[in-house]
Amino acid sequence: MTELILSLDVLDRKRAVQIAESCAPFIDEIKVGYPLVLSAGLSIVEDLAGLGLPLIADFKVADIPNTNRLICEAVFAAGFDAVIAHGFVGADAARACVEVAHNHSGAAYIVAEMSHPGATEFFHGGVAESLAELAVACRADGIIAPATRPERIARLREIVGEKAIYSPGVGAQGGDPDTVARLVDGVIVGRSIYEAEDPAAEAERFSRIRR
Ligand code: NUP
């Protein structure tokens, strides 16, 4: 089953919690990033934890191994279940994130290729493939790959095999949810849900990809 992951990039704490609560029956996980944490504070995790859905910290961690370790320890201490990290910093730094995640019975996902147009400037030409290989070598739980380029997801799937692929870029960024859902383990949706007049109805509509 392909999961539906809500990207909760909402700045107002109350609104974020309201949207998460109303969408909860239709989603499998919630992804929280800098926009919400920097606006509402890290304690937003406590507000969301009650929903019983896994929480992914999209902090795209990208530092030296020791700093990555410190960041990830704070992420899991806060109550997150998974973290997203960059792989371009090298295997030692990425592995630090994976190790901390696994020590906390959590998961770590490595960004293999991003979804925005500018991502082609650096991720193409073999880089994304190398990052996917690094994710496998570091025993990461999966990769992030672009819903805006299904053909790239298919290519990266050849490298990561059974590992999870989570994919942002549907809706607001132009990716087609049904096409992508067949290729990945989780589809990440932000604006198409949280900016909708009725976020829960939109989440329910997207949840048809779970079939
Ligand atoms: O390559 C990536 N593309 C992307 O959009 C990697 C990401 N982590 N994201 C995140 O997914 C982005 O920061 C946002 O939080 C979410 C997509 O949101 P939306 O475009 O559906 O609103």
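Bear in mind the structure is a predicted one, so any value in this text is a computation, not a measurement. (Residues numbered from 1 in each chain as written. Predicted model: local features only at pLDDT ≥ 70, side-chain atom pairs only at ≥ 80, totals over all residues. Heavy atoms only, no water.)

Chemist: With reference to specific residues and values, describe the overall build of the chain.
Modeler: Helix and strand content of the chain: eleven helices and eight strands. Each principal axis of the C-alpha distribution contributes one length, and for the chain these read about 40 × 35 × 30 Å. The burial tally for the chain puts 53% of its 211 residues in the buried class. By element, 50% of the accessible surface of the chain is carried by carbon and sulfur atoms, the whole surface being about 9200 Å². A gap of 2 Å separates the mean positions of the 19 positive and 30 negative side-chain charges of the chain. (Helix = DSSP H or I, 4+ residues; strand = E, 2+ residues; numbered from the N terminus. Buried < 20%, exposed > 50% of the residue type's maximum accessible area, 1.4 Å probe, protein only. Areas by Shrake-Rupley, 256 points an atom, 1.4 Å probe, with all protein chains shown as cover. Lys, Arg positive; Asp, Glu negative; His and termini not counted. Charge placed at Lys NZ, Arg CZ, Asp CG, Glu CD.)

Chemist: Please give an account of the UniProt feature "domain: Orotidine 5'-phosphate decarboxylase" (unreviewed entry) in the chain that cites residues and values.
Modeler: Here the UniProt feature "domain: Orotidine 5'-phosphate decarboxylase" (unreviewed entry) sits at residues 3–206. Note that residues 3–206 is 46% helix and 19% strand, and that its end C-alpha atoms are spaced 10 Å apart. (UniProt positions renumbered as here; feature names shortened; annotations may be inferred.)

Chemist: Go over the pairing of strand β7 (residues 164–168), please, and point to the residues and values.
Modeler: The buried fraction of β7 is high, at five of five residues. Of the two faces of β7, both are covered, the one formed by Ala164, Tyr166 and Pro168 as well as the one formed by Ile165 and Ser167. The parallel pair strand β6 (residues 142–144) and β7 is bridged by helix α8 (residues 150–160), and the resulting crossover is right-handed. Sheet topology note: the β7/strand β8 (residues 186–189) ladder contains three bridges and is parallel. What sits directly across from Tyr166, in β8, is Gly186. (Right-handed = clockwise from strand over helix to strand, strands pointing away. Pairing = 2+ DSSP bridges.)

Chemist: Explain helix α4 (residues 65–78) residue by residue, including any values.
Modeler: With 14 residues, α4 extends 20 Å between its outermost C-alpha atoms, agreeing within 8% with the 20 Å of an ideal straight helix rising 1.5 Å per residue. When α4 is considered as a whole, its buried residues turn out to be Asn68, Cys72, Val75 and Phe76. Around the axis of α4, the buried residues are gathered within 85° of arc, so they sit on the same side. Exposed side of α4, more than 90 degrees from the buried face: Leu70 and Ala77 are the residues found there. Each element contacted by the buried residues of α4 is listed here: β3 (55–61), β4 (82–86), α5 (91–103) and β5 (107–111). (Expected span 1.5 Å × (residues − 1). Arc of directions from axis to C-beta. Contact = heavy atoms within 4.5 Å.)

Chemist: For the site of the ligand, give the residues involved together with the corresponding values.
Modeler: Lining the immediate surroundings of the ligand are Ser7, Asp9, Lys31, Asp58, Lys60, Met114, Ser115, Pro168, Gln173, Val189, Gly190 and Arg191. Ser115 has a polar side-chain atom sitting 2.7 Å from a nitrogen atom of the ligand. Residue Arg191 places a main-chain N or O atom 2.8 Å away from an oxygen atom belonging to the ligand. Contact with the protein chains covers 88% of the free accessible surface of the ligand, which is 470 Å². (Near = heavy atom within 4 Å. Polar contact = N/O pair within 3.5 Å; in protein donor to acceptor, adjacent residues only side chain to side chain.)

Chemist: Account for α5, with residues named and values stated.
Modeler: Along its 13 residues, α5 runs 18 Å from first to last C-alpha, staying within 8% of the 18 Å computed at 1.5 Å per residue. For α5, the full list of buried residues reads Ala93, Ala94, Ala96, Cys97, Val98, Val100 and Ala101. Along its buried surface, α5 packs onto β3, α4, β4, β5 and α7 (127–137). Just beyond α5, the residue with positive phi is Ser105, at close to 55°.

Chemist: Explain the sheet that holds β5 to me, and be specific about the residues and the numbers.
Modeler: Overall, parallel pairing links the eight strands, which are arranged β1-β2-β3-β4-β5-β6-β7-β8 in a closed barrel. Across the sheet, the axes of successive neighbouring strands diverge by a mean angle of 25°, strand direction being ignored. As paired elements, β6 and β7 share three bridges and run parallel to each other. Bridge pairing in β7 places Ile144 opposite Tyr166. (Axes fitted to C-alpha atoms, helices over the stretch in contact; angles between N-to-C directions.)

Chemist: How would you sum up the pattern of salt bridges? Please name residues and give values.
Modeler: Under the counting rule described, the total for this entry stands at eleven salt bridges. In this structure, the salt-bridge partner of Asp58 is Lys60, at a minimum N-O distance of 3.0 Å. When its relative accessible area of 8% is taken as the criterion, Asp58 is described as buried. You can call Lys60 partly exposed: its relative accessible area is 30%. (Salt bridge = Lys/Arg side-chain N within 4 Å of Asp/Glu carboxyl O.)

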